[in-house]
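# Tertiary structure, described
Spelled out from the first residue to the last, the chains are:
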Amino acid sequence: MDRQGDIFVSIGAFDSYWYSVGFPVVYGDAIYEVSTGGTVSVFAGQPEVNGANDGIGVQAQFHNPGGLAVDSGGNLYVADKGNYTIREITPAGVVTTVGGLAGYSGSVDGPGSQARLSGPEALAVDASGNVFISDGRTVRRGIPAINTQSPVRLINLSARSMVAPSSPLIGGFVIEGSCSQTVLARGVGPTLAQFGVSNPLQAPQLDIYAQGGVLVASSANGINTTNSASAAALVGAFPLPEISADAPLVITLKPGAYTAVVSSPNGASGTALVEVYEIP
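Description of the structure in this document. Owing to the predicted nature of the structure, the values given are computational and were not obtained by experimental measurement.

A few words now on the overall build of the protein chain. Of regular secondary structure, the protein chain possesses two helices and 19 strands. When its C-alpha atoms are laid out on the principal axes, the protein chain stretches across 80 × 35 × 30 Å. Expressed as a percentage of the 280 residues in the protein chain, the buried residues total 38%. Entry remark: accessible area of the protein chain is about 14600 Å², with carbon and sulfur atoms responsible for 54%. For the protein chain, the distance from the average position of its 11 positive side-chain charges to the average position of its 20 negative side-chain charges is 8 Å.

Pasting the structure below:
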């Protein structure tokens, strides 16, 4: 139901059983709108015609659509189970595919059509416009590319400087509130050459310290390349090569003050970048 009181109903694939036990014929693969006055009409999709086309209203097609959810802007999200996708319908009826790729099943995180869903069913939308998806045996979260429901926030910081054996690059940040926060922290050296930076630090080490100088994470203990690449894509950070001497870390931190330190353990000198991103 939207703010105006209109009710939206998704009808999946037609099941002859319900007709055989006395239910009226209900044509599937479409989204219906029930107005506050009780008028029922097709809002989007083509009844009994399944497909994956985006478009306006009845120009669009669905394949066994399931759960629905409405955000505070009036946009309707559809778990299009048969297509393995999440569809968005604006108040004007414009249908677009915002998550997954029609015909391709899987369980891969990523932006838009790079993500893979295994059979989305139920949906929910929070106050910030994040879409939560019941997908097989998992719960997935879709984060709008442009989240107009949330207040504007600073989500990352960075600083660049020369690093020498006796002169590390240091950045501080604070996790507020009462809940832990996952961050992407990066000590970037070699990749800076791609941006025309001269004399980049070839083998940076990144260490994260809590208050009192307690070491809580270090790139020297191993780098989770897969997680850091996914996190970078999620927050909009420039990608690092798959095989790189840069130092990314994905870590969940409790509330408190922290220091990110980029150093040169092999005794070399060069320019480095320290970055910290909040992962939503």
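Moving on: the nonpolar core. Core analysis: the biggest nonpolar cluster contains 20 residues, and Phe 173, Leu 206, Ile 208, Leu 253, Ala 260 and Val 262 have the highest contact counts within it. Of all the secondary-structure elements, those providing two or more residues to this core are strand 13 (169–175), strand 14 (181–188), strand 15 (205–210), strand 17 (247–253), strand 18 (256–263) and strand 19 (270–278). Phe 8, Ile 31, Phe 43 and Ala 60 belong to the second-largest nonpolar core, a separate cluster that totals ten residues.

Here we take up the packing of aromatic side chains. Geometrically, a pair of aromatic rings is defined through the distance of the ring centres and the angle of the planes. In the structure shown here, the tally under the stated rule is three aromatic pairs. Each ring, one from Phe 8 and one from Phe 43, has its centre 5.0 Å from the other, and the planes form 55 degrees; the classification is tilted. A residue pair is termed long-range when its members are at least 10 positions apart, and Phe 8 in strand 1 (residues 7–11) and Phe 43 in strand 3 (residues 40–45) qualify at 35 residues. Overall, Phe 8 belongs to the buried group, its relative accessible area being 14%. Judged by its relative accessible area of 13%, Phe 43 is buried.

Following the sequence through the fold, Gln 46 ends up in the loop between strand 3 and strand 4 (55–56). Of the residues examined, Gln 46 reaches a relative accessible area of 24% and is grouped as partly exposed. Side-chain polar atoms of Gln 46 contact the backbone oxygen of Val 58, separated by 3.0 Å. A distance of 3.5 Å separates a polar side-chain atom of Gln 46 from the backbone oxygen of Gln 59.

This paragraph deals with the pairing of strand 3. Inspection of the sheet shows strand 2 (residues 30–34) paired to strand 3 by five bridges, in the antiparallel sense. Note on strand 3: the bridge partner recorded for Tyr 32 is Val 42. Turn length for the strand 2-strand 3 hairpin, with the two strands adjacent in sequence and antiparallel, is five residues, and the turn residue Gly 38 shows positive phi of about 95 degrees.

What follows deals with the pairing of strand 15. Sheet analysis places strand 15 next to strand 18, joined by six bridges and oriented antiparallel. Each bridged residue has a counterpart across the sheet, and for Asp 207 the counterpart in strand 18 is Val 261. Relative to strand 16 (residues 214–218), strand 15 runs antiparallel, the two sharing four bridges. The partner of Ala 210 across the bridge, within strand 16, is Val 214. Turn length for the strand 15-strand 16 hairpin, with the two strands adjacent in sequence and antiparallel, is three residues, and the turn residue Gly 212 shows positive phi of about 85 degrees.

One open sheet holds the three strands; their spatial order is 1-2-3, and the pairing between them is antiparallel. The open sheet is flanked by strand 1 and strand 3, the only strands paired with a single partner. When the angles between neighbouring strand axes are averaged without regard to direction, this sheet yields 30 degrees.

Read across the open sheet, the four strands follow the order 12-19-14-17; overall the sheet is antiparallel. Of all the strands in the sheet, the pair left with one neighbour each is strand 12 (156–163) and strand 17. Looking at each pair of strands side by side, their axes are set apart by 15 degrees on average, direction ignored. Note: strand 14 against strand 19, six bridges, orientation antiparallel. Pairing of Val 188 across the sheet is with Leu 273, part of strand 19.

So, how was this worked out
Sequence order sets the numbering: in each chain, residues are counted from 1 along the sequence as written. Under the rules for a predicted model, residues below a pLDDT of 70 receive no local features and side-chain atom pairs below 80 are neither given nor counted, while totals for whole chains, interfaces and linings still include all residues. Think of the side-chain values as coming from all heavy atoms in the structure, minus any hydrogens and water. Strands here are runs of E lasting at least two residues and helices are runs of H or I lasting at least four, both read from the DSSP assignment and numbered beginning at the N terminus. Three exposure classes are used, based on accessible area relative to the maximum for each residue type with a 1.4 Å probe and protein chains only: buried under 20%, partly exposed in between, and exposed over 50%. Computed with the Shrake-Rupley method and a 1.4 Å probe, the accessible areas treat only the protein chains shown as cover for residues. For the charge count, each Lys or Arg is scored as positive and each Asp or Glu as negative, with His and the chain ends excluded. Note that the charge is assigned to NZ on lysines, CZ on arginines, CG on aspartates and CD on glutamates. Among the buried residues, those of types Ala, Val, Leu, Ile, Met, Phe, Trp, Tyr and Cys that are joined through side-chain atoms within 4.5 Å form a nonpolar core. Ring pairs shown here join Phe, Tyr and Trp side chains whose ring centres sit within 6.5 Å, with only the six-membered ring taken for Trp; geometry is labelled stacked below 30 degrees between planes, edge-to-face above 60, and tilted in between. Here a polar contact is taken to be a pair of N or O atoms separated by no more than 3.5 Å, where protein atoms must pair a possible hydrogen donor with a possible acceptor and residues adjacent in sequence count only if both atoms sit in side chains. We call two strands paired when DSSP finds no fewer than two bridges between them. All axes here are fitted lines through C-alpha atoms, helices being fitted over the stretch that makes contact, and every angle between N-to-C directions spans 0 to 180 degrees.

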